[in-house]
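# Summary of the model geometry
Okay, here's what each chain looks like letter by letter:
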Amino acid sequence: MIRSLAISQRALGTVSIMLVQHSDCAMTRISDEEFTAALVADIGQDPPWTVGAFGDVDASVREGVRRLSTSPFLSNVDDVRGFVYDLLTGALREIA
(Lines give C-alpha, C1' and ligand atoms only; values in the text may rest on other atoms or scores of the structure.)
Protein backbone atom coordinates (compact mmCIF):
# COMPACT_ATOMS: atom_id res chain seq x y z
CA MET A 1 0.00 0.00 0.00
CA ILE A 2 2.72 2.48 0.97
CA ARG A 3 4.69 1.71 -2.22
CA SER A 4 1.69 2.52 -4.41
CA LEU A 5 0.88 5.69 -2.46
CA ALA A 6 4.49 6.89 -2.61
CA ILE A 7 4.46 6.45 -6.38
CA SER A 8 1.08 8.17 -6.66
CA GLN A 9 2.20 11.13 -4.58
CA ARG A 10 5.59 11.62 -6.21
CA ALA A 11 4.66 10.80 -9.81
CA LEU A 12 1.07 12.05 -9.94
CA GLY A 13 0.87 14.69 -7.21
CA THR A 14 -1.69 12.91 -5.00
CA VAL A 15 -2.16 14.78 -1.73
CA SER A 16 -5.09 13.05 0.03
CA ILE A 17 -5.26 9.46 1.29
CA MET A 18 -8.48 7.63 2.08
CA LEU A 19 -8.08 4.26 3.81
CA VAL A 20 -11.23 2.12 3.64
CA GLN A 21 -11.85 -1.24 5.29
CA HIS A 22 -15.19 -3.01 5.59
CA SER A 23 -17.42 -4.59 8.20
CA ASP A 24 -17.56 -8.36 8.63
CA CYS A 25 -14.01 -8.72 7.34
CA ALA A 26 -12.65 -12.28 7.16
CA MET A 27 -9.36 -10.99 8.61
CA THR A 28 -11.15 -10.78 11.98
CA ARG A 29 -11.90 -14.51 11.88
CA ILE A 30 -8.40 -15.89 11.25
CA SER A 31 -5.12 -15.81 13.14
CA ASP A 32 -1.71 -15.08 11.71
CA GLU A 33 -0.28 -18.27 13.17
CA GLU A 34 -3.00 -20.61 11.92
CA PHE A 35 -3.10 -19.11 8.43
CA THR A 36 0.70 -19.18 8.13
CA ALA A 37 0.77 -22.81 9.33
CA ALA A 38 -1.84 -23.74 6.72
CA LEU A 39 0.24 -22.10 3.98
CA VAL A 40 3.37 -23.90 5.12
CA ALA A 41 1.48 -27.22 5.19
CA ASP A 42 0.09 -26.53 1.73
CA ILE A 43 3.15 -25.23 -0.12
CA GLY A 44 6.07 -26.03 2.17
CA GLN A 45 7.34 -22.53 2.89
CA ASP A 46 6.62 -19.48 4.99
CA PRO A 47 5.21 -16.48 3.14
CA PRO A 48 7.60 -13.49 2.89
CA TRP A 49 4.82 -11.26 4.33
CA THR A 50 2.81 -11.19 7.51
CA VAL A 51 -0.86 -12.11 7.40
CA GLY A 52 -1.98 -9.12 9.46
CA ALA A 53 -5.15 -10.54 10.98
CA PHE A 54 -6.97 -8.29 13.44
CA GLY A 55 -9.91 -8.45 15.81
CA ASP A 56 -11.36 -4.95 15.56
CA VAL A 57 -11.94 -3.20 12.23
CA ASP A 58 -12.04 0.29 13.77
CA ALA A 59 -8.73 -0.31 15.55
CA SER A 60 -7.21 -1.65 12.35
CA VAL A 61 -8.26 1.49 10.47
CA ARG A 62 -6.79 3.70 13.22
CA GLU A 63 -3.52 1.74 13.04
CA GLY A 64 -3.47 2.02 9.25
CA VAL A 65 -4.00 5.78 9.41
CA ARG A 66 -1.21 6.03 12.00
CA ARG A 67 1.18 4.01 9.82
CA LEU A 68 0.39 6.09 6.75
CA SER A 69 0.66 9.38 8.65
CA THR A 70 4.11 8.50 9.96
CA SER A 71 5.59 6.83 6.88
CA PRO A 72 8.83 8.48 5.73
CA PHE A 73 8.04 7.37 2.17
CA LEU A 74 4.93 9.55 1.88
CA SER A 75 5.42 13.24 1.17
CA ASN A 76 1.81 14.33 1.82
CA VAL A 77 0.35 13.11 5.12
CA ASP A 78 -1.74 16.13 6.15
CA ASP A 79 -4.97 14.62 4.76
CA VAL A 80 -5.02 10.94 5.74
CA ARG A 81 -8.48 9.73 6.71
CA GLY A 82 -9.86 6.31 7.62
CA PHE A 83 -13.28 4.80 7.05
CA VAL A 84 -15.26 1.59 7.56
CA TYR A 85 -17.72 0.61 4.85
CA ASP A 86 -20.74 -1.20 6.35
CA LEU A 87 -21.61 -4.09 4.06
CA LEU A 88 -25.18 -4.32 5.40
CA THR A 89 -26.20 -0.67 5.16
CA GLY A 90 -23.84 0.69 2.52
CA ALA A 91 -22.84 3.47 4.91
CA LEU A 92 -19.31 4.80 5.01
CA ARG A 93 -18.34 5.69 8.58
CA GLU A 94 -15.30 7.84 9.29
CA ILE A 95 -13.02 6.62 12.07
CA ALA A 96 -11.56 9.40 14.23
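Everything here concerns the structure above.
Residues numbered from 1 in each chain as written. Predicted model: local features only at pLDDT ≥ 70, side-chain atom pairs only at ≥ 80, totals over all residues. Heavy atoms only, no water.

The pairing of strand β1 (residues 16-22) with strand β2 (residues 79-85) spans seven bridges and is classified as parallel. By the bridge assignment for β2, glutamine 21 is matched with valine 84. Both β2 and strand β3 (residues 92-95) contribute to a ladder of four bridges, which runs antiparallel. When the bridges of β3 are listed, valine 84 appears paired with arginine 93. Linking two consecutive strands that pair antiparallel, namely β2 and β3, is a turn of six residues; a positive phi of about 80° is found at glycine 90 within it. (Pairing = 2+ DSSP bridges. Helix = DSSP H or I, 4+ residues; strand = E, 2+ residues; numbered from the N terminus.)

Moving on, we get to the environment of aspartate 86. With respect to the helices, strands and loops of the structure, aspartate 86 is situated in the loop between β2 and β3. The exposure class assigned to aspartate 86 is partly exposed, which follows from its relative accessible area of 27%. C-alpha separation for the pair aspartate 86 and leucine 39, spaced 47 residues apart in sequence, amounts to 30 Å. Apart from the residues within four sequence positions on either side, aspartate 86 is in contact with Ser23 and Ala91. A polar contact is formed between the side chain of aspartate 86 and the backbone nitrogen of threonine 89, at a distance of 3.1 Å. (Buried < 20%, exposed > 50% of the residue type's maximum accessible area, 1.4 Å probe, protein only. Contact = heavy atoms within 4.5 Å. Polar contact = N/O pair within 3.5 Å; in protein donor to acceptor, adjacent residues only side chain to side chain.)

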